[in-house]
Number of protein chains: 2
Amino acid sequence: MRMSDVAKVVGVSAMTVSRALKADASVAPATRTAVLEAIAKLGYVPDQVAGALSSRRSGFVAALIPSLNNPHFSLTAQSLSDRLQDAGLQLLLGYTNYEREREAELVRTMLRRKPEGMILTHDGHAPETRALLTKARIPVVQIWDLPPAPFGHVVGFSNSNAMRDLVLELAAKGYRKIGYLGETDDEGTRGAARRAGYRSAVAELGMPERITAIGALPATMSDGEKGFAQLMAVWPEVDCIVCVSDPLAFGVIGACRRRGLSVPGDVAVAGFGDFEIGRVSQPAITTVAVDAAEIGRASGEIVVRALESSSLIDNSHVDIGTRVTMRESA
Amino acid sequence: MRMSDVAKVVGVSAMTVSRALKADASVAPATRTAVLEAIAKLGYVPDQVAGALSSRRSGFVAALIPSLNNPHFSLTAQSLSDRLQDAGLQLLLGYTNYEREREAELVRTMLRRKPEGMILTHDGHAPETRALLTKARIPVVQIWDLPPAPFGHVVGFSNSNAMRDLVLELAAKGYRKIGYLGETDDEGTRGAARRAGYRSAVAELGMPERITAIGALPATMSDGEKGFAQLMAVWPEVDCIVCVSDPLAFGVIGACRRRGLSVPGDVAVAGFGDFEIGRVSQPAITTVAVDAAEIGRASGEIVVRALESSSLIDNSHVDIGTRVTMRESA
DNA sequence: CGTTGTTATGTTATCGATAACATATTCACG
DNA sequence: CGTGAATATGTTATCGATAACATAACAACG
């Protein structure tokens, strides 16, 4: 069933039906009701594929996150989806699995759908990605970090500074032998930025670096056991373990408990991200709070605004900030 | 840039370019290389919006899950996405926020995109939803439960039977006063099915029902504290608390610990779903294991198969089963 | 060497909506 | 009451690809 079929039933032209479905179009109130009634009665569903081709507006905004299965990114995606929906846009979501090549491939796939905007989680990008997006001439937002050489808009925070702040505060609390537990193969990623923050903090404090990496991206709760063992094998003296994320910290705390070590009595543990797990953990996990939902909302906002004003000129640069949150574990 | 532009450069017709991009089309090898080279050089990106209109194949499969922010559903979504990608299909994901009205609205929105298949997480559906989908004449898969009156295909398991099995096994282990902690306002949902399973088990065992509900869907780790208090206020005698999900069980264990109660010494706790949290929790949580990823894979498989054979006649009915998994907490 | 079949390519029409333009109708105001 | 503005609706062309059909080139075979 097409618009013209509905039009025939009502006794108007297809164009009038199209107008009746657009909120701002000028249609006589009586006509609009008649059309809408007919649509409801017939169960007509407009074909947005055709509409998109004709109007050159797909109504899509594409977003790529590293993983659907990570509360941080899914929160961001959820609030992004909400914000877009308010503006009548639909989210086209993909996940890169933390792989740059997959990201490039996905960008290609997504661009075929003619999205009106694109949102990327910054973890470094393949050179091709950048070229493709520049050519697409749509607003691009990089999220979840402040990239050194951003293209397009940015909504994030400095993973490096945030981690640095955390380590400095831990040192101020009296910890002297602070170790770091991160992920392997993390060049260019947010995890690497956090590690860099740790390094800059210990350098500033005149402390030696004590860095260990476990497992592939992303570190999970289950990695805590091995990570702890590995770290302790090399630096048994550490009095505080800073982890690249809360789930990993939770896993480390479990490993401590299993060894009869008290946290933070024998060894302190800190995480990053303020995941729910850190709040309900016992002890509750000292961490850096990040407003994942706000990243989604704000990046959606930027895309919507950019589309309204169609000014691709000025790129916003939003630092949503972070907050070191001391809890029981350190 | 359009196909005809590429065609002009290569010196062929647009149709030949189109064919060169289709794996199975008959094009001379030399022509194909020439076309692909030109496409790479020009950075041409095919317009799938136009392609979809013309070929009447959108390349989309829509899926609705209750929440992106739930490891179960995001796992399902991830493996579904993978399976679809293998078949050259793209996942169009939406989340209902556990609201039937929102689901109906989303189904309407999604259908405008002419998806080739639709996957719904069963939590009961608005009557409209069913009507819309029947009219759409596309394969539909209901997942995550075995609905009493399914339409379309089904990939799931009996939430009710699974919970019944768990309670019976707990009784066999010697627990005599088994309570249940679920969600409020859960009519028609998977949670309600689990509660029904509990009721049928205790009825069978000749035990009284001890049911409490906390918070809105879905129950979270943070609900554990209040849930435990509420249950204990009414049935202080319980020796085992069965929860609608692992995260809630984890929260309950935390509440016990805070009160100095040992689990399972003073009170046993069981969950449902086999989330990662249950595995790393101390004590590890007794639960019902569900293969969330397999639900995604299998439902994607069904859609892909249905599209290949274009036989909408026979509806598959896949019970992926569950496994009671006894661990330390009960 | 002519007929038939296969492979490679071109041409035309079409998918279903909407932008852009054209026209009819109504209304306000001097 | 006539002119111009505002409102309501219709008509035509178009978005960019691909299906369907048409045709050209060439190979195989008796």
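Residues numbered from 1 in each chain as written. Chains lettered and ligands numbered in written order. Predicted model: local features only at pLDDT ≥ 70, side-chain atom pairs only at ≥ 80, totals over all residues. Heavy atoms only, no water.

### Focus on the packing of helix α10 (residues 223-234) of chain A against helix α11 (residues 246-258) of chain A
How two helices pack is summed up by the angle between their axes together with the distance between the axes. Residue and element names in this part refer to chain A. Relative to each other, α10 and α11 sit at 65 degrees, their axes nearing to 7 Å. Of the possible angle classes, the one that applies to α10 and α11 is roughly perpendicular. Both α10 and α11 take part in a crossing whose hand is right-handed. Every residue of α11 that contacts α10 at Asp 223, Gly 224, Glu 225 and Phe 228 is listed here: Leu 248, Gly 251, Val 252, Ala 255, Cys 256 and Arg 258. Its residues assigned to classes, the contact of α10 with α11 comprises five nonpolar, two polar and three charged. (Axes fitted to C-alpha atoms, helices over the stretch in contact; angles between N-to-C directions. Helix = DSSP H or I, 4+ residues; strand = E, 2+ residues; numbered from the N terminus. Parallel < 35°, antiparallel > 145°, perpendicular 65-115°, else oblique. Left-handed = near helix turned anticlockwise from the far one by under 90°. Contact = heavy atoms within 4.5 Å. Nonpolar A, V, L, I, M, F, W, Y, C, P; charged D, E, K, R; others polar.)

### Describing the relation of the copies chain A and chain B
It takes a turn of 180 degrees to lay chain A on chain B, together with a shift of 0.0 Å along the axis; the resulting RMSD is 0.0 Å. Such a combination of turn and shift is consistent with a two-fold rotation axis. Residue by residue, 100% of the interface of chain A is reproduced at the interface of chain B, so both copies engage with the same surface. (Least-squares fit on C-alpha atoms with pLDDT ≥ 70 in both.)

### Regarding the protein's contact with DNA strand D
In the region of DNA strand D, 25 residues are neighbours, and A:Thr16, B:Met3, B:Ser18, B:Tyr44 and B:Ser54 sit closest. Protein-adjacent atoms of DNA strand D, using a 4 Å cutoff, are sugar or phosphate at a proportion of 66%. With respect to DNA strand D, the side chain of A:Thr16 contributes an N or O atom lying 2.5 Å from a phosphate oxygen. Elements with a contribution of two residues or more to the surface near DNA strand D: α2 (14-21) and α4 (48-55) of chain A together with α2 (14-21) and α4 (48-55) of chain B. For the surface near DNA strand D, the element with the highest residue contribution is α4(B), accounting for five residues. Grouping the amino acids of the surface near DNA strand D by side-chain chemistry returns eleven nonpolar, nine polar and five charged. (Near = heavy atom within 4 Å. Polar contact = N/O pair within 3.5 Å; in protein donor to acceptor, adjacent residues only side chain to side chain.)

### Overview of the domain arrangement of chain A
Each domain of chain A was delimited in the assignment, giving domain 1 (3-46), domain 2 (56-157 + 292-320) and domain 3 (159-289). Just the C-alpha atoms count here: the centres of domain 1 of chain A and domain 3 of chain A sit 61 Å apart. (Domains from an automatic or database assignment.)

### Thoughts on the protein's contact with DNA strand C
Around DNA strand C there are 25 residues in total, and A:Met3, A:Ser18, A:Tyr44, A:Ser54 and B:Thr16 lie nearest to it. Protein-proximal atoms of DNA strand C, defined as those within 4 Å of the protein, fall in sugar or phosphate at a share of 65%. Contact between DNA strand C and A:Asp47: a phosphate oxygen at 3.3 Å from a main-chain N or O atom of the residue. One of the side-chain nitrogen or oxygen atoms of A:Ser54 is found 2.5 Å away from a sugar or linking oxygen of DNA strand C. Counting only elements with at least two residues in the surface near DNA strand C, the list comes to α2 and α4 of chain A together with α2 and α4 of chain B. It is α4(A) that contributes the most residues to the surface near DNA strand C, five residues altogether. Taken together, the residues that form the surface near DNA strand C break down as eleven nonpolar, nine polar and five charged.

### A look at the pairing of strand β3 (residues 117-121) of chain A
Residue and element names in this part refer to chain A. Where burial is concerned, most of β3 is hidden: five out of the five residues are buried. Because side chains alternate across β3, one face comprises the buried residues Gly 117, Ile 119 and Thr 121, and the other comprises Met 118 and Leu 120, equally buried. Looking at chain direction, strand β1 (residues 60-65) and β3 are connected through four bridges and run parallel. Of the residues in β3, the one forming a bridge with Val 61 is Gly 117. Across four bridges, β3 lies against strand β4 (residues 140-143) in parallel orientation. Residue pairing for β4: Thr 121 is matched across the bridge by Ile 143. As a crossover connection, the stretch from β3 through helix α7 (residues 127-136) into β4 is right-handed. (Buried < 20%, exposed > 50% of the residue type's maximum accessible area, 1.4 Å probe, protein only. Pairing = 2+ DSSP bridges. Right-handed = clockwise from strand over helix to strand, strands pointing away.)

### What to know about the sheet that holds strand β11 (residues 317-319) of chain A
Residue and element names in this part refer to chain A. Taken together, the six strands give an open sheet; going across it, the order is β2-β1-β3-β4-β5-β11, and neighbouring strands pair in parallel fashion. At either end of the open sheet lies a strand with only one pairing partner, and these are β2 (90-95) and β11. Averaged over neighbouring strand pairs, the angle between their axes works out to 15 degrees when direction is ignored. Where strand β5 (residues 153-156) and β11 come together, three bridges link them in parallel fashion. If you follow Gly 156 over to β11, its bridge partner there is Asp 319.

### Re the pattern of salt bridges
A full pass over the atoms with the stated rule returns 36 salt bridges over all chains. In this structure, A:Glu116 and A:Arg57 form a salt bridge, with 2.7 Å as the shortest nitrogen-oxygen distance. Remark: A:Arg57 occurs in the loop between α4 and β1 and A:Glu116 occurs in the loop between α6 (100-111) and β3; sequence separation between them is 59 residues. With a closest N to O distance of 3.9 Å, B:Glu101 and B:Arg108 form a salt bridge. Classification of B:Glu101 by relative accessible area gives exposed; the value is 52%. A cluster of three or more residues bridged by salt bridges with shared partners is formed by A:Arg83, A:Glu294, A:Arg297, A:Glu301 and A:Arg305. (Salt bridge = Lys/Arg side-chain N within 4 Å of Asp/Glu carboxyl O.)

### Side note on the nonpolar core
Nonpolar side chains in soluble globular proteins tend to end up buried together. One finds A:Ile241 and B:Ile241 to be the most contacted residues of the largest nonpolar core, which totals 147 residues. Sequence-distant contacts of B:Ile241, defined by excluding residues within four places in its chain, comprise B:Gly179, B:Leu181, B:Phe228, B:Leu231, B:Met232, B:Val252, B:Val267, B:Ala268, B:Val269 and B:Ala270. Among the nonpolar cores identified, the runner-up in size contains 32 residues, and A:Met118, A:Val140, B:Phe60 and B:Val107 belong to it. (Core = buried A, V, L, I, M, F, W, Y, C linked by side-chain atoms within 4.5 Å.)

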